[in-house]
Amino acid sequence: MEQRIAHFDLDSFYVAVERVENPRLIDMPVLVGWPGLRGVVATASYEAREYGCHSAQSMSQALQKCPQAIVVNPDMAKYREYSDAFHRILLKRTPLVERAGLDEAYMDLSVLAANKLGDPISVVRELRQSVLDTLNLTVSVCVAGSKPTAKIGSAYAKPDGCLEIPMGTDASFLSTLPIRMMPSVGPKFQKALLEIGITTIGELGNADSKWLKMRFGRQGLLTKRRAQAKDNSAVEYLPRQVKSISRESTFPKDLLGNTDLLAQLLKLSESVSNELRESGRAIRTVSIKIRWSDFDLTSRQKTVEGGMHSRKQIHEIAKGLLETELKINRSRGVRLLGVGLSNFNDEQFQLPLSSEAAQNFYRNKSIETALQEIHGKFGSNSIRRGH
Ligand SMILES: [Mg+2]
């Protein structure tokens with residue numbers, strides 16, 4: 001199975017965020033970066049680029065080229081918030097997302113496509129729209145057969161572009177592009193290639209391996225493989241920092257008896273499962289917490305092998321734990337009930353994509369996703385999975 005990989009790249013990210021927050025900057029030449037002699041441009045708006053400004057340029061040089069540019073100091077905390085929201089949108093669709101910087105991500109669409117759960121270009125279009133609707137930011141995307149090609153393609157599609165390279169045609173797409181489009185070819189490498197008459201990525205793909213190795217070592221050979229669209233590195237899902245997910249309810253009056261408590265437990269289990277699904281991760285441990293009417297606290301937990309992500313499985317474990325406690329404490333009122341998920345198993349999503357486990361995961365996930373969508377539309381009382 002050929003990989004189908006999308007590379008998402010938010011367009012002039014820092015400038016775009018500044019414009020969402022301050023619409024007066026729209027259509028103006030903007031430089032985000034530190035002013036002063038030693039300052040550097042982090043992002044230049046397209047208007048400023050027309051004057052020859054670009055990122056990594058010194059601020060004083062940029063201002064010589066475009067003296068009317070508006071300089072805005074970077075606000076990293078704000079960019080991080082937007083970045084997290086951007087990645088959350090992608091992760092809602094599939095956990096197979098690799099964060100490649102604040103404004104970039106790779107997404108593996110192969111498994112979704114193989115299971116008929118979304119044609120890559122439709123998924124990408126839907127996500128571009130979602131990013132625009134939610135964050136007011138445009139993102140350029142390319143779907144290709146490998147990570148390096150997708151990255152080159154998204155730069156090619158900029159700004160606000162969407163490009164699909166048909167299956168099996170990565171190498172021919174790359175062949176006519178100038179070598180400066182290769183992210184791993186720096187100015188020194190470029191100069192050496194130009195000296196021997198190599199100007200396009202296609203020519204780089206045909207360059208003599210011995211010479212490349214002698215001149216640039218392993219990096220030279222890797223770049224050649226990328227130029228030939230033969231670098232099939234997998235999308236690496238990066239675990240995030242959250243250590244647990246939990247929800248609890250304190251009741252207006254103490255609850256007694258299974259019926260009411262089990263109904264509350266179902267709500268709490270659904271809520272933690274929804275958040276788990278948004279994170280795209282799997283967990284091993286489900287716990288419950290009970291505060292009795294006399295303020296005594298009981299916690300119970302159960303850990304399973306492997307990992308789980310399904311609402312049904314999580315609810316069943318929580319229910320088992322609660323029922324056991326209620327059997328022992330028949331006449332005790334409950335003041336507060338909580339459900340927690342912990343012990344993340346982040347290897348769950350790094351399974352080889354062709355593996356049966358990964359495919360089963362997606363089959364289950366499609367049911368879960370459908371349920372979640374219905375809940376989102378009609379409220380969580382409208383549908384219950386049959387047990
Ligand atoms: Mg970008």
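As the structure is a prediction and not an experimental result, all values here were calculated from the model.

Contact pair helix α1 (residues 13–21) / helix α4 (residues 76–93): the axes reach a minimum separation of 10 Å and the direction vectors enclose 95°. Our classification of the angle between α1 and α4 gives roughly perpendicular. Together, F13, Y14, V17, E18, V20 and E21 of α1 and M76, K78, Y79, Y82 and S83 of α4 make up the contact between the two elements. A breakdown of the residues in the contact of α1 with α4 according to their chemical character gives 7 nonpolar, 1 polar and 3 charged.

We now examine the sheet that holds strand β2 (residues 30–33). One open sheet holds the 3 strands; their spatial order is β3-β2-β4, and the pairing between them is mixed. The outermost strands of the open sheet, each flanked by one partner alone, are β3 (41–44) and β4 (70–72). With direction set aside, neighbouring strand axes in the sheet form an average angle of 25°. Bridging between β2 and β3 involves 3 bridges; their strand directions are antiparallel. Bridge pairing in β3 links L31 to A44.

So, about the coordination of the magnesium ion. Looking at the magnesium ion, the protein donor atoms are D9 (OD), L10 (O) and D103 (OD), and they sit 2.1 to 2.5 Å from it. One chain supplies every donor for the magnesium ion, spaced along it as D-L-x92-D. Note that L10 is positioned in strand β1 (residues 5–10) and D103 in the loop between β5 (97–99) and β6 (104–108), a separation of 93 residues in sequence. In this structure L10 comes out as buried when scored by relative accessible area, which is 2%.

Here we take up the environment of E2. Position of E2 among the secondary structure elements: in the segment before β1. Take E2: its relative accessible area is 30%, and that puts it in the partly exposed class. Through-space distance from the C-alpha of E2 to that of G145 is 6.4 Å; in sequence the pair is 143 residues apart. Aside from chain neighbours lying at most four places away, what touches E2 is S110, G145, M167 and G168.

As a further point, take the sheet that holds strand β9 (residues 244–255). One open sheet accounts for 4 strands, arranged β9-β12-β10-β11; its pairing is antiparallel. The sheet is open, and its two edges are formed by β9 and β11 (297–308), each paired on a single side. Taken over all neighbouring pairs, the strand axes of this sheet differ in orientation by 10° on average, direction set aside. The sheet strands contacting helix α13 (residues 311–328) are β10 (283–292), β11 and β12 (334–344), and the helix crosses β10 at an angle near 35°.

Moving on, we come to the pattern of salt bridges. A complete count under the given rule lists 18 salt bridges for this structure. One salt bridge connects D11 with K158, and the closest N-O pair in it is separated by 2.6 Å. Of this pair, D11 sits in the loop between β1 and α1 while K158 sits in the loop between α7 (147–157) and β8 (162–164); the two residues are 147 residues apart in sequence, bridging distant segments of the chain. Its relative accessible area of 4% is what places D11 among the buried residues. One salt-bridge network, in which partners are shared between bridges, spans D9, D11 and K158.

A word on the environment of R19. Its location among the elements puts R19 in helix α1. Spatially, the C-alpha atom of R19 lies 9.4 Å from that of N136, the residues being 117 residues apart in sequence. Not counting the four nearest positions on each side in its chain, R19 is found in contact with L25, I26, D27, M28, V30, S45 and E47. A polar atom in the side chain of R19 sits 3.0 Å from the side chain of E47.

Its 16 residues place the ends of helix α6 (residues 120–135) 22 Å apart at the C-alpha level, agreeing with the 22 Å of an ideal helix rising 1.5 Å per residue. Residues of α6 that are buried: P120, I121, V123, V124, L127, R128, V131 and L135. End-on view of α6: buried residues confined to an arc of 155°, all on one side of the axis. The exposed residues of α6 that point more than 90 degrees off its buried face are R125 and D133. Remark: N136 follows α6 within two positions and exhibits a positive phi of approximately 65°.

Rules behind the numbers
Residues numbered from 1 in each chain as written. Predicted model: local features only at pLDDT ≥ 70, side-chain atom pairs only at ≥ 80, totals over all residues. Heavy atoms only, no water. Axes fitted to C-alpha atoms, helices over the stretch in contact; angles between N-to-C directions. Helix = DSSP H or I, 4+ residues; strand = E, 2+ residues; numbered from the N terminus. Parallel < 35°, antiparallel > 145°, perpendicular 65-115°, else oblique. Contact = heavy atoms within 4.5 Å. Nonpolar A, V, L, I, M, F, W, Y, C, P; charged D, E, K, R; others polar. Pairing = 2+ DSSP bridges. Donors = N, O, S within 2.8 Å, 3.2 Å for Na, K, Ca; no water. Buried < 20%, exposed > 50% of the residue type's maximum accessible area, 1.4 Å probe, protein only. Salt bridge = Lys/Arg side-chain N within 4 Å of Asp/Glu carboxyl O. Polar contact = N/O pair within 3.5 Å; in protein donor to acceptor, adjacent residues only side chain to side chain. Expected span 1.5 Å × (residues − 1). Arc of directions from axis to C-beta.

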